[in-house]
Amino acid sequence: MTSATQFAAEAAATLAAATGVDHHDIALVLGSGWGGAADLIGEEVARIDATDVPGFDAHVVPGHHPVFRSLVTPNGKRVLVLGARQHFYQVRDAAKVAHAIRMSAAAGCTQLVLTNGCGSTRPDVGPGSVVLLEDHINFTGATPLEGATFVDMSQVYSPRLRDIARGIDGELVDGIYIQFTGPQYETPAEVRMAATLGANLVGMSTVLEAIAAREAGMEILGLSLVTNLAAGIGGDTLDHQEVLDAGREAGPRISALLAAIVREM
Ligand code: 8IG
């Protein structure tokens, strides 16, 4: 067991004690715009302060109270909602980014849903579009893995879970996500580079988490909400407020979609 895995097991033990739920099945990371989904997925069994769990005390964002929620779906699946995403641009430490993922694996989760808000390099896939991740590019220069940990990345996003998602919404398009470190948005030249490399979604999360989840053997579903056209694609400048507004506007629709998917996982 690596020290990261050991630490994650400690966090999972604290989580189990604090929630009274010793095993979870599905972990859920809710990114920009996706926050409303938890309320539609199932009944809330417990809600705990993330900062009470080992490893989640360092990144407290002012005005933010990250929580972990334990839900149970109508068919009895236990869902762990991870409300404490640590972005790489905040912590500059891929192991910290991966800690919540490793904790959920240690808590028993074999499935992980990663959601995010991001920019699109495709003018025909604009704000409000939901995209199913088919692959990614790690452009952070970082990894949560240590030493000679040769994890297979040839099928990061589960074809089976993508089929389930498409069964709920046949209109979902596929996309390739590239994680930049941020927090600055890209220049138009960087967006052209990303598109040339084959990416059509640009963001600041998800990829490092997916790597840790594959190391842990989890089955991953990745869903992106396009909140803006990437820099230089739309012609306009990028404005964080517009990004937030797009997320808020799409919230109810994408939350219902995600809840329907999770109930079939
Ligand atoms: I929301 O255009 C959101 N997150 N890197 N670029 C990057 N991250 C993002 C963007 C974007 N929009």
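Residues numbered from 1 in each chain as written. Predicted model: local features only at pLDDT ≥ 70, side-chain atom pairs only at ≥ 80, totals over all residues. Heavy atoms only, no water.

> Residues and numbers for helix 1 (residues 3-19), please.
For helix 1, which comprises 17 residues, the first-to-last C-alpha distance of 24 Å matches the rise-based estimate of 24 Å (1.5 Å per residue) to within 8%. On its buried face, helix 1 sits against strand 2 (43-49), strand 3 (67-72), strand 4 (78-82) and helix 4 (94-106). The positive-phi residue at the C-terminal boundary of helix 1 is G20, with phi of around 75°. (Helix = DSSP H or I, 4+ residues; strand = E, 2+ residues; numbered from the N terminus. Expected span 1.5 Å × (residues − 1). Contact = heavy atoms within 4.5 Å.)

> Describe the packing of helix 4 against helix 7 (residues 207-215), and please don't skip the residues or the numbers.
The interhelical angle for the contact between helix 4 and helix 7, taken along N-to-C directions, is 55°, at an axis separation of 9 Å. Considering their axes alone, helix 4 and helix 7 lie oblique with respect to each other. Crossing angle aside, the handedness with which helix 4 passes helix 7 is right-handed. The segment helix 4 lies against helix 7, with A94, V97, A98, I101 and R102 engaging L208, E209, A212, A213 and E215. Residue composition of the contact of helix 4 with helix 7, grouped by class: seven nonpolar, no polar and three charged. (Axes fitted to C-alpha atoms, helices over the stretch in contact; angles between N-to-C directions. Parallel < 35°, antiparallel > 145°, perpendicular 65-115°, else oblique. Left-handed = near helix turned anticlockwise from the far one by under 90°. Nonpolar A, V, L, I, M, F, W, Y, C, P; charged D, E, K, R; others polar.)

> Explain the site of the ligand to me, and be specific about the residues and the numbers.
The local shell around the ligand consists of G117, C118, G119, Y185, E186, V202, G203, M204, T227, N228, L238 and V243. Taking G119, its main chain carries an N or O atom lying 3.5 Å from a nitrogen atom of the ligand. Between the ligand and E186 there is a distance of 2.4 Å, counted from a nitrogen atom to a side-chain nitrogen or oxygen. Calculation on the ligand without its partners gives an accessible area of 330 Å², and the protein chains cover 95% of this total. Contributing elements (two or more residues each) for the shell around the ligand: strand 5 (111-120), strand 8 (201-203) and strand 9 (219-229). (Near = heavy atom within 4 Å. Polar contact = N/O pair within 3.5 Å; in protein donor to acceptor, adjacent residues only side chain to side chain. Areas by Shrake-Rupley, 256 points an atom, 1.4 Å probe, with all protein chains shown as cover.)

> With reference to specific residues and values, describe the nonpolar core.
Among the nonpolar cores identified, the biggest contains 44 residues, and F56, F68, L82, I101, M103 and L112 are the most heavily contacted of them. For L112, the contacting residues outside a window of four places in its chain are A27, V29, I101, A213, M218, E219, I220 and L221. (Core = buried A, V, L, I, M, F, W, Y, C linked by side-chain atoms within 4.5 Å. Buried < 20%, exposed > 50% of the residue type's maximum accessible area, 1.4 Å probe, protein only.)

> Lay out the pattern of salt bridges in plain terms, naming residues and giving numbers.
Per the counting criterion, the structure on display carries 12 salt bridges. A single network of salt bridges, built from pairs that share partners, joins D39, E44, R47 and R69. (Salt bridge = Lys/Arg side-chain N within 4 Å of Asp/Glu carboxyl O.)

> I'd like a rundown of the environment of G217, residues and numbers included.
Along the chain, G217 falls in the loop between helix 7 and strand 9. Accessibility expressed as a relative area gives 51% for G217, which makes it exposed. For G217 and C109, which are 108 residues apart along the polypeptide, the C-alpha to C-alpha distance reads 9.9 Å.

> Now, about a nonpolar patch on the surface: what can you tell me, with residues and values included?
There is a patch of nonpolar side chains on the surface, built from F139, M193 and L197 and spanning about 240 Å² of accessible area. Counting through the fold element by element, F139 comes out in the loop between strand 6 (130-138) and helix 5 (159-168). (Patch = residues over 30% accessible without salt bridge, like charges linked within 9 Å, V, L, I, M, F, W, Y side chains within 5 Å.)

> Lay out the packing of aromatic side chains with the relevant residues and their values.
Counted according to the given criterion, the structure contains two aromatic pairs. With 5.0 Å between their ring centres and 80° between their planes, F56 and F68 make a pair best called edge-to-face. Of this pair, F56 sits in the loop between strand 2 and strand 3 while F68 sits in strand 3, placing them 12 residues apart in sequence. With a centroid separation of 5.2 Å and an interplanar angle of 65°, the aromatic rings of F139 and F180 are classed as edge-to-face. Linking F139 in the loop between strand 6 and helix 5 with F180 in the loop between strand 7 (173-179) and helix 6 (188-196), this pair joins segments that are 41 residues apart in sequence. For F180, a relative accessible area of 8% puts it in the buried group. (Phe/Tyr/Trp six-rings, centres within 6.5 Å; stacked < 30°, edge-to-face > 60°.)

> Mind laying out the pairing of strand 5, listing which residues take part and the relevant values?
Within strand 5, nine of the 10 residues are buried, leaving the element largely enclosed by the surrounding structure. As judged from the four bridges shared by strand 1 (residues 26-29) and strand 5, these two strands associate in the parallel manner. Within strand 5, the residue paired with V29 across the bridge is L114. For strand 5 and strand 9, the ladder comprises 10 bridges, and the chain directions are parallel. Paired with C118 across the strands is V226, a residue of strand 9. (Pairing = 2+ DSSP bridges.)

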